[in-house]
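Okay, here's what each chain looks like letter by letter:
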Amino acid sequence: MDHLTPTYMFEAFHCVTPQFLLEHGIHALLIDIDNTLAPYEQPDPDDRIRGWFASLAENGIRAALVSNNHAPRVERFNATLGLLAFADSGKPSKKTLLKAMKALGVSKSETAMLGDQLLTDSYAGKHIGLPSIIVPPINDKKNLFFRFKRWCERPFIRKYARLHGYEPWMSFWKIKGEKV
């Protein structure tokens, strides 16, 4: 199984609608915070984020935050959301994802992982049999480590584009014009 090629890709988290999730049998989401829902610099969820979570809840979709960031960041971000939240998750390790699903009372067959990184979020979810939903990072870090990680992701984004069709917003991964 290819653990890095996303199952689904969207332009942004709020494009992942409850209707889409329910049509695909997804009743629970494990969700990364940083660069998926908000940039690192945004300490609290904004109205769009709160509205999206409210829409998920209204449609019976359970959610948990699963972040590699530390507890102070995760707890502050979650303070107004009131979700199950897991800090220092160690993604791509599967341990915290399994713990989150148990706490939500859901099975693998009805759960997906939403994030912005293939090497952590997609791999963690797919490693335990979850579909991965990937969005471009909101405000990507520019240091050498992150640039290298994004470079490593390119072949898997190209593969997704080849299988599902290129979308203009995929240009973040610089695949436009490349042979796919």
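Residues numbered from 1 in each chain as written. Predicted model: local features only at pLDDT ≥ 70, side-chain atom pairs only at ≥ 80, totals over all residues. Heavy atoms only, no water.

> Even after reading the chapter, I still don't get the sheet that holds strand 4 (residues 84-86), so can you show me in this structure?
Across a sheet, paired strands are connected by hydrogen bonds in the backbone, their directions being either parallel or antiparallel. Taken in spatial order, the 6 strands of this open sheet run 1-6-5-2-3-4, and their pairing is parallel. In this open sheet, the two strands that pair with only one neighbour each are strand 1 (8-9) and strand 4. Here helix 5 (residues 118-127) sits on the sheet and contacts strand 5 (111-115) and strand 6 (132-134); the angle it forms with strand 6, its principal contact strand, is near 160°. (Pairing = 2+ DSSP bridges. Helix = DSSP H or I, 4+ residues; strand = E, 2+ residues; numbered from the N terminus. Contact = heavy atoms within 4.5 Å. Axes fitted to C-alpha atoms, helices over the stretch in contact; angles between N-to-C directions.)

> What exactly am I supposed to notice about the nonpolar core here?
In a soluble, globular protein the nonpolar side chains are often hidden away together inside. Grouped together as the largest cluster of nonpolar side chains are 26 residues, with contacts concentrated most on L29, W52 and F53. Taken together, the elements giving at least two residues each to this core come down to helix 1 (18-23), strand 2 (28-31), helix 2 (47-58), strand 3 (62-66), helix 3 (71-78) and strand 5. Broken down by element, the residue count for this core peaks at 4 residues, all from helix 2. In contact with F53, not counting residues within four places along its chain, are I31, L37, A63, L65, L81 and L83. (Core = buried A, V, L, I, M, F, W, Y, C linked by side-chain atoms within 4.5 Å. Buried < 20%, exposed > 50% of the residue type's maximum accessible area, 1.4 Å probe, protein only.)

> Looking at this model, I keep getting lost on the packing of aromatic side chains. Mind explaining?
Centre-to-centre distance and the angle between the planes together describe a pair of aromatic rings. Under the counting rule described, the total for this entry stands at 5 aromatic pairs. Centre to centre, the rings of F13 and W52 are 5.2 Å apart; their planes meet at 75°, and the pair counts as edge-to-face. Taken together, the residues span a long stretch of sequence, with F13 in the loop between strand 1 and helix 1 and W52 in helix 2 at a distance of 39 residues. A single burial state applies to F13 and to W52, both of which are buried. Grouped by ring-pair contacts, the aromatic residues Y8, F10 and F20 constitute a single cluster. (Phe/Tyr/Trp six-rings, centres within 6.5 Å; stacked < 30°, edge-to-face > 60°.)

> Where do I start with the environment of Y8 in this structure?
Secondary-structure assignment places Y8 in strand 1. As a C-alpha pair, Y8 and I133 span 125 residues in sequence and 4.8 Å in three-dimensional space. Sequence-distant contacts of Y8, defined by excluding residues within four places in its chain, comprise F20, H24, P131, S132, I133, I134 and Y160.

> Just to check I follow, could you spell out the environment of I26 for this structure?
Structurally, I26 is set in the loop between helix 1 and strand 2. The exposure class assigned to I26 is buried, which follows from its relative accessible area of 3%. Each C-alpha atom, one on I26 and one on K108, is 9.4 Å from the other, the two residues being 82 residues apart in sequence. Not counting residues within four places of it along the chain, the set of residues in contact with I26 comprises L21, I61, E110, T111, A112 and P131.

> Where do I start with the pattern of salt bridges in this structure?
If charged atoms from side chains of opposite charge come close, those side chains can pair. In total, this model carries 6 salt bridges according to the counting rule given. The partner of R73 in a salt bridge is D34, and the shortest N-O contact between them spans 2.5 Å. With a gap of 39 residues between them, R73 in helix 3 and D34 in the loop between strand 2 and helix 2 connect regions that are remote in the sequence. The pair formed by R73 and D34 is uniform in burial state, with each residue classed as buried. One salt bridge connects K91 with D121, and the closest N-O pair in it is separated by 2.7 Å. Remark: D121 occurs in helix 5 and K91 occurs in the loop between strand 4 and helix 4 (95-104); sequence separation between them is 30 residues. A residue is classified by how much of its surface remains accessible, and D121, at 2% relative accessible area, is buried. A cluster of three or more residues bridged by salt bridges with shared partners is formed by D32, K91 and D121. (Salt bridge = Lys/Arg side-chain N within 4 Å of Asp/Glu carboxyl O.)

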